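Structural characterization, general
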Amino acid sequence: MTKLRWKNSNKVKDILRHFVIDDWQSVAHCQHQNAAERRCKHIKRNVQNVLNKTRAEAYCWRLCLEYVAFIMNHVATKSLSWHTPRESLTGIT
C-alpha cells in the first residue's frame, strides 16, 4: 500500500512539473488560505443574507445560490483590476 501511494505521488509530481503547476497544500482548518474557499464563504454568506431579507422558504436555497453566483460573476472587483470575473474569463465585456 505504501509503495502504491509513493508511486502515485511521484506520478502526480511529474504531471505538475510537466504543466508547470505549483504544488501546495493549505493547512487543515485554515480555509482562508485558499481563494476558492474564501469565495465559497462569501457566496454562502450572501445566500443567507438574501434568504433572510426576502423571508424566502428554505427550499428556495438552490435558486438563491444561482442568483447570488450570477450577480457575483457580473460585478467588477478590485482584485481583477475592476473587471468582472466573467469578463476576465471570456474577454467579452
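Preceding block: the structure.
Residues numbered from 1 in each chain as written. Predicted model: local features only at pLDDT ≥ 70, side-chain atom pairs only at ≥ 80, totals over all residues. Heavy atoms only, no water.

1. Here's the deal with the overall build of the protein
Heads up, the rule is: We count a stretch as a helix when DSSP gives it H or I for four or more residues in a row; a strand needs E for two or more, and each element gets its number in order from the N terminus. For each residue, the accessible area found with a 1.4 Å probe, counting protein chains only, is set against the maximum for its type, and the residue is called buried under 20%, exposed over 50%, and partly exposed in between. Residue contacts are counted whenever heavy atoms from the two residues lie within 4.5 Å of one another. For the area figures, the Shrake-Rupley method with a 1.4 Å probe applies, and any residue is considered shielded solely by the protein chains shown.
Helix and strand counts for the protein come out as four helices and zero strands. Going residue by residue from the N terminus, the α and β elements of the protein occur as α-α-α-α. Sorting the 93 residues of the protein into buried and exposed places 11% on the buried side. Put simply, 17% of the contacts in the protein that link residues at least 6 apart link residues at least 24 apart. Accessible surface, the protein: about 8,600 Å² in total, of which carbon and sulfur atoms supply 58%.

2. Points about the nonpolar core
Heads up, the condition is: We define a nonpolar core as any set of buried Ala, Val, Leu, Ile, Met, Phe, Trp, Tyr and Cys residues linked to one another through side-chain atoms lying within 4.5 Å.
Formed by Ile43, Val47, Leu51, Cys64, Val68 and Met72, the largest nonpolar core amounts to six residues. Those residues within four positions of valine 68 in sequence are excluded, and the remaining contacts are Ile43, Asn46, Val47 and Val50.

3. Some remarks on the pattern of salt bridges
The line we're drawing: Here, a salt bridge means any Lys or Arg side-chain nitrogen found within 4 Å of an Asp or Glu carboxyl oxygen.
This model, assessed by the stated rule, comprises two salt bridges. Of the charged contacts, one joins aspartate 14 and arginine 17 as a salt bridge, the two residues approaching to 3.3 Å between their closest N and O atoms. A residue pair is termed a helical-turn pair when its members lie 3 or 4 positions apart in one helix, as aspartate 14 and arginine 17 do in helix H1 (residues 2-18) at three residues. With relative accessibility at 59%, the residue arginine 17 sits in the exposed group. When the shortest N-O distance is used, the salt bridge between arginine 62 and glutamate 66 registers 2.4 Å. In this pair, arginine 62 and glutamate 66 both sit in helix H3 (residues 61-73), four residues apart, roughly one turn of the helix.

Read these as geometric descriptors, not functional statements.
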